[in-house]
Amino acid sequence: MQSIKELKSIETYAVRQPVLRPGLPVTSCVFPNDDLNTTIHFGIYDNNSLAGIVSVFENSNKLFAEKIQFQIRGMAILPEHQKKGLGEKLVKKAEGYANSKNGQLLWFNAREVAVGFYKKMGYHTTGNPFDIEGVGIHYVMHKQL
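Sequence order as written defines residue numbering, which begins from 1 separately in each chain. Owing to the predicted nature of the model, reporting of local features is limited to residues with pLDDT of at least 70; listing and counting of side-chain atom pairs is limited to 80 or more, with chain, interface and lining totals taken over all residues. Values reported for side chains reflect all heavy atoms of the structure, with hydrogen atoms and water molecules removed beforehand.

**What to know about the sheet that holds strand β7 (residues 136-144)**
Paired through backbone hydrogen bonds, the strands of a sheet run either parallel or antiparallel to each other. What makes two strands pair is DSSP finding at least two bridges between them. Put simply, DSSP marks the helices as runs of H or I at least four residues long and the strands as runs of E at least two long, and each gets a number from the N terminus on. Overall, mixed pairing links the seven strands, which are arranged β1-β2-β3-β4-β5-β7-β6 in an open sheet. The outermost strands of the open sheet, each flanked by one partner alone, are β1 (2-7) and β6 (124-132). Pairs of neighbouring strands in the sheet enclose a mean axial angle of 25 degrees, with direction left out of account. When strand β5 (residues 105-111) meets β7, the two strands line up antiparallel, connected through seven bridges. Of the residues in β7, the one forming a bridge with Asn109 is Val140. Angles run from 0 to 180 degrees between N-to-C directions of axes, and those axes are lines fitted to C-alpha atoms, restricted for helices to the stretch in contact.

**Examining the side chain of Ser9**
Turning to its location among the elements, Ser9 is positioned in helix α1 (residues 9-20). By relative accessible area, which is 7% here, Ser9 ends up buried. At a separation of 2.6 Å, a polar atom in the side chain of Ser9 contacts the side chain of Asp35. Note on definitions: a residue-residue contact is assigned when non-hydrogen atoms from the two residues lie within 4.5 Å. Residues contacting Ser9, with those up to four places away along its chain left out, are Asp34, Asp35 and His41. Accessibility here uses a 1.4 Å probe with only protein chains present; expressed as a share of the type maximum, an area under 20% marks a residue as buried, one over 50% as exposed, and anything in between as partly exposed. The definition of a polar contact used here is a pair of N or O atoms within 3.5 Å, where within protein one atom must be able to donate a hydrogen and the other to accept one, and adjacent residues in sequence count solely through side-chain atom pairs.

**Some details on unusual backbone geometry**
The phi torsion at Asn33 lies on the positive side, around 70 degrees, for a residue other than glycine. Examined against the element boundaries, Asn33 turns out to sit in the loop between α1 and β2 (39-46). Looking at Asn33, the relative accessible area reads 46%, which means it is partly exposed. The backbone phi angle of Asn102 is positive, close to 65 degrees, even though this residue is not glycine.

**Observations concerning the UniProt feature "domain: N-acetyltransferase" (unreviewed entry) in the protein**
According to UniProt, the positions carrying the feature "domain: N-acetyltransferase" (unreviewed entry) are residues 1-145. The span residues 1-145 is 23% helical and 40% strand by assignment, and the distance between its end C-alpha atoms comes to 29 Å. UniProt positions are given in the numbering used here, feature names are shortened, and annotations may be inferred rather than shown by experiment.

**Brief notes about the layout of surface pockets**
Summary: where empty space remains is shown by rolling a probe the size of a single water molecule over the atoms. Grid spacing is 1 Å over the protein atoms alone, the probe is 1.4 Å, and a cavity is where that probe fits but cannot get out, while a pocket is an open set with protein on both sides within 12 Å along at least five of seven lines and lining residues have an atom within 4 Å of a point. Grid points are joined across faces, edges and corners, and a volume is the space filled by probe spheres set on the points. Looking at the largest pocket, its volume works out to about 1000 Å³. Looking at the largest pocket, it is lined by 36 residues, and the ones nearest its centre are Met75, Ala76, Ala114, Phe117 and Tyr118. Looking at the lining of the largest pocket, the elements that each hand over two or more residues are α1, β4 (69-77), α2 (86-100), β5, α3 (115-120) and β7. Top contributing element to the lining of the largest pocket by residue count: β4, with seven residues. Among the residues forming the lining of the largest pocket, the class breakdown is 17 nonpolar, nine polar and 10 charged. Only Asp, Glu, Lys and Arg are considered charged, only Ala, Val, Leu, Ile, Met, Phe, Trp, Tyr, Cys and Pro nonpolar, and every remaining residue, Gly among them, polar.

**Looking at the nonpolar core**
Among buried residues, the Ala, Val, Leu, Ile, Met, Phe, Trp, Tyr and Cys ones that are joined through side-chain atoms within 4.5 Å form a nonpolar core. Membership of the largest hydrophobic core comes to 25 residues, with the highest contact counts inside it found for Met75, Tyr118 and Tyr123. Those elements giving two or more residues to this core turn out to be β2, β3 (49-58), β4, α2, β5 and α3. Counting residues per element, this core draws most heavily on α2, which supplies six residues. For Tyr123, the residues in contact, after removing those within four places along its chain, are Val91, Glu95, Leu106, Phe108, Tyr118, Met141, His142 and Lys143.

**Examining the packing of aromatic side chains**
Only Phe, Tyr and Trp rings take part, Trp by its six-membered ring, and two of them pair if their centres are within 6.5 Å. Stacked means planes under 30 degrees apart, edge-to-face means over 60, and tilted covers everything else. Inspection of every chain in the model, using the stated rule, returns six aromatic pairs. Ring centres of Phe108 and Tyr118 lie 4.3 Å apart, and the angle between their planes is 45 degrees; this geometry places the pair in the tilted category. Here the residue Phe108 occupies a position in strand β5, and Tyr118 occupies one in helix α3, the gap between them amounting to 10 residues. By the burial criterion, Phe108 is buried, and Tyr118 matches it. Taken together, Phe108, Phe117, Tyr118 and Tyr123 form an aromatic cluster joined through their ring pairs.

Written out as structure tokens, the structure is:
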């Protein structure tokens, strides 16, 4: 059985650390603005076990003209839970949340390996790829809501 619940930022570290920051200290899992009241964190559970997380920030990117923008950060599914559709459910939850706040655009920095996943969900790349030191090649991706 799968369910999605709202989390506190500290609860995301159990997935952020092994998936997004392997080998780095847990302090590397703290993102700026994690605890603002305009930020929300969701966890997806598979058989009552936290399997994946996503954080949604009210944040504008100057590449886009829309007034009300939201950013996805920290999207991650534990390896043993990947390829089960959980990531798609989390992204749809993030989209629904942004819609509920009158969001016009959802954007994020996607790792190169995840671009295909997001394209299947209707997201588009913008600009050139860029390197985040210690993490790898990323693309800015977006979708109008």
